[in-house]
There are 2 protein chains.
Amino acid sequence: MARFIDLTHALADAQPGYPGDPEFHIRRFHTLASAGFNVAEITASTHQGTHLDAPYHFFDDGATVDSIPLDRFCGEASLVDLAPHGALAPRTGIGIATLEKHADAFVPGARILLRTGWDRRWHHADFFTDHPSLTLDAAHWIASRRIALLGLDTPSPSVEDLEVHRILLDPAAQIVIVESLANLEQLPPRFTFIGFPLRLDGCDGSPIRAVALCGEAR
Amino acid sequence: MARFIDLTHALADAQPGYPGDPEFHIRRFHTLASAGFNVAEITASTHQGTHLDAPYHFFDDGATVDSIPLDRFCGEASLVDLAPHGALAPRTGIGIATLEKHADAFVPGARILLRTGWDRRWHHADFFTDHPSLTLDAAHWIASRRIALLGLDTPSPSVEDLEVHRILLDPAAQIVIVESLANLEQLPPRFTFIGFPLRLDGCDGSPIRAVALCGEAR
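The structure contained in this document is the topic of the report that follows. The structure displayed is predicted, hence computed values, not measured ones. (Residues numbered from 1 in each chain as written. Chains lettered and ligands numbered in written order. Predicted model: local features only at pLDDT ≥ 70, side-chain atom pairs only at ≥ 80, totals over all residues.)

## Some points on the interface of chain A and chain B
Frequently, the measure chosen for interface size is the accessible area that the parts lose on association.
So, step 1. Counting residues at the interface gives 44 residues for chain A and 44 residues for chain B.
So, step 2. When its residues are assigned to classes, the side of chain A that touches chain B shows 25 nonpolar, eight polar and 11 charged.
So, step 3. Relative to strand S3 (residues 39-45) of chain B, strand S3 (residues 39-45) of chain A runs antiparallel, the two being bridged by five bridges. Within the sheet, the bridge partner assigned to A:Ser45 lies in S3(B) and is B:Glu41. (Contact = placed C-beta atoms within 7 Å. Nonpolar A, V, L, I, M, F, W, Y, C, P; charged D, E, K, R; others polar. Pairing = 2+ DSSP bridges. Helix = DSSP H or I, 4+ residues; strand = E, 2+ residues; numbered from the N terminus.)

Here is the structure:
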């Protein structure tokens, strides 16, 4: 029997976002009393909450969320758990030696969700500032593996180094990054990942509903 | 070989929405020059473009998009094509007699996408005002079948009668409505529908990326 696991943080009015990015708001716009039905207005960064980065996030000539083939966002995926039953310490560096223990998963076209346990810090003051980070070497190592999608439970692949983003999103690497995933501890080693972006015209990213489908015959 | 069909209209800055609803905008917020990366700010109605209605859209005690089980939004689905190779005329009434020809599809728990061909009028002046509509009797007939999800290529199940919305979204019927779908003419009779809402706290609806997965062994 297939079951769904929600890998998405809830989007609540005025919740924190990446420092300096647009604020997130949900405003009641129509109500049953005013219009006969409820309608809300959403204001969001393209990188609010659980979301996806397209190469255009760091490259003006990179692919935008609406120009990436749909099969990139949905299909067989693997969990790489770097902290089984726990969480990496703040600002842990994730290097090649750590990733090489899971080298079997990093094959061309793979969708890999990397678990650090950092989603427990969601809504804490340090969520955006002190999360574990890929080293530059690790980013190059991942890019060279030509995987299709890298999912993280951190809000970014690196706290301080924008170059890590650039290496992964480089149009030559063509990797889609999913950030601020939740509940990865509930995943089996293999599952179907579903996380389509909204069809936002020419955009660098999109909030997504990230979901795992487990136990289905594939 | 499985293939994906995009059932979603593109979301472009300042595109039309349902009359009186919040406007849709995509604004550049950060750029490579200003911040080292591109980030955009999105402003949208919960009912912009291809989107989903939860019962809370018409019932203050109805389920919100973040409280509906995930399996409602993804799984086996059927196309009911009311205008093969063409489109219904503006303001066509869709009655019980029409639906009864497809009664086999309307079983409890079914996900049904109803094709009228109206998606061709997207961005035309009459898209929101003159589309084909379910009759009140047809809405009651559908609700009584206890289907799980009703998808439409029109922006609403009825041009003039809010009661049609109420009948379908009534917490007793528990039907999720997907509106303004595109490209339904590309669908086979049976497929996997995927259309998860964003995890919007307490919201009445959500823009979605609606996708069909065809040809996969199920």
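## Section: unusual backbone geometry
Keep in mind that most residues, glycine aside, have a negative phi and that most peptide bonds are trans.
Residue and element names in this part refer to chain A.
So, step 1. With a phi close to 60°, arginine 146 is a non-glycine residue in the positive phi region.
So, step 2. With respect to the helices, strands and loops of the structure, arginine 146 is situated in the loop between helix H3 (136-144) and strand S9 (149-152).
So, step 3. Note on arginine 146: 15 C-beta atoms within 10 Å, which makes it partly exposed.
So, step 4. Backbone geometry at serine 180 places phi at a positive 55°, although glycine is not the residue there.
So, step 5. Inspection of the secondary structure assignment puts serine 180 in the loop between strand S10 (176-179) and strand S11 (190-194). (Buried ≥ 20, exposed ≤ 12 C-beta atoms within 10 Å, placed from the backbone.)

## A word on the pairing of strand S7 (residues 111-115) of chain B
Residue and element names in this part refer to chain B.
So, step 1. Of all five residues that make up S7, five are buried, and the element is covered over most of its length.
So, step 2. Both faces of S7 are covered, namely the face carrying Arg111, Leu113 and Arg115 and the face carrying Ile112 and Leu114.
So, step 3. In this structure, strand S5 (residues 74-81) lies alongside S7, joined through four bridges in parallel fashion. If you follow aspartate 81 over to S7, its bridge partner there is arginine 115.
So, step 4. Note that S7 and strand S9 (residues 149-152) share four bridges and pair parallel. Of the residues in S9, the one forming a bridge with leucine 113 is glycine 151.

## A look at the packing of H3(A) against helix H4 (residues 162-169) of chain A
Each pair of packed helices can be described by the angle between their axes along with the distance between the axes.
Residue and element names in this part refer to chain A.
So, step 1. Interaxial distance between H3 and H4 falls to 9 Å at its minimum, and their mutual angle equals 5°. Classified by the angle between their axes, H3 and H4 sit roughly parallel to one another. Residue-level inspection shows Leu136, Ala139, His140, Ile142 and Ala143 of H3 in contact with H4, the latter providing Glu163, Val164, Ile167 and Leu168. (Axes fitted to C-alpha atoms, helices over the stretch in contact; angles between N-to-C directions. Parallel < 35°, antiparallel > 145°, perpendicular 65-115°, else oblique.)

## Thoughts on the relation of the copies chain A and chain B
So, step 1. When chain A is brought onto chain B, the operation consists of a screw motion whose angular component is 180° and whose axial shift is 0.0 Å, with 0.0 Å RMSD remaining. The superposition operator between the copies reduces to a two-fold rotation axis. Ranked by how close their C-alpha atoms come to the rotation axis, the residues of chain A are headed by A:Thr43, at 2.2 Å. (Least-squares fit on C-alpha atoms with pLDDT ≥ 70 in both.)

## Overview of the nonpolar core
So, step 1. A:Leu150, A:Leu168, A:Ile175, B:Leu150, B:Leu168 and B:Ile175 are the most contacted members of the largest nonpolar core, which has 120 residues in total.
So, step 2. Sequence-distant contacts of B:Leu168, defined by excluding residues within four places in its chain, comprise B:Ala139, B:Ile142, B:Ala143, B:Leu150, B:Pro157, B:Ala173, B:Ile175 and B:Ile177. (Core = buried A, V, L, I, M, F, W, Y, C linked by C-beta atoms within 7 Å.)

## Thoughts on the sheet that holds strand S10 (residues 176-179) of chain B
All names here are of chain B.
So, step 1. The nine strands lie next to each other as S1-S13-S11-S5-S7-S9-S10-S4-S12, forming an open sheet whose pairing is mixed. Looking at which strands have only one partner, the edges of the open sheet turn out to be strand S1 (3-6) and strand S12 (205-207). Within the sheet, the average angular offset between the axes of one strand and its neighbour, ignoring direction, is 30°.

## Overview of the environment of B:Val176
Residues and elements named next belong to chain B.
So, step 1. Among the secondary structure elements, valine 176 is positioned in strand S10.
So, step 2. Along the chain, valine 176 and proline 55 lie 121 residues apart, while their C-alpha atoms are 7.2 Å from each other.
So, step 3. Dropping the residues within four chain positions of it, valine 176 is found in contact with Leu52, Ala54, Ile68, Arg72, Ala148 and Leu149.

## Re the sheet that holds S11(A)
All names here are of chain A.
So, step 1. The sheet built from nine strands is open, its strands ordered S1-S13-S11-S5-S7-S9-S10-S4-S12 with mixed pairing. Strand pairing shows two members of the sheet lacking a second neighbour, strand S1 (3-6) and strand S12 (205-207), which therefore form its edges. Within this sheet the neighbouring strands show an average axis-to-axis angle of 30°, counted without direction.
So, step 2. One ladder, built from five bridges, connects strand S5 (residues 74-81) with S11; its direction is antiparallel. The partner of glycine 75 across the bridge, within S11, is phenylalanine 193.

## With respect to helix H4 (residues 162-169) of chain B
So, step 1. All of the buried residues in H4(B) are B:Val164, B:His165, B:Ile167, B:Leu168 and B:Leu169.
So, step 2. The secondary structure elements touched by the buried residues of H4(B) are strand S4 (51-53), strand S8 (133-134), helix H3 (136-144), S9 and S10 of chain B.

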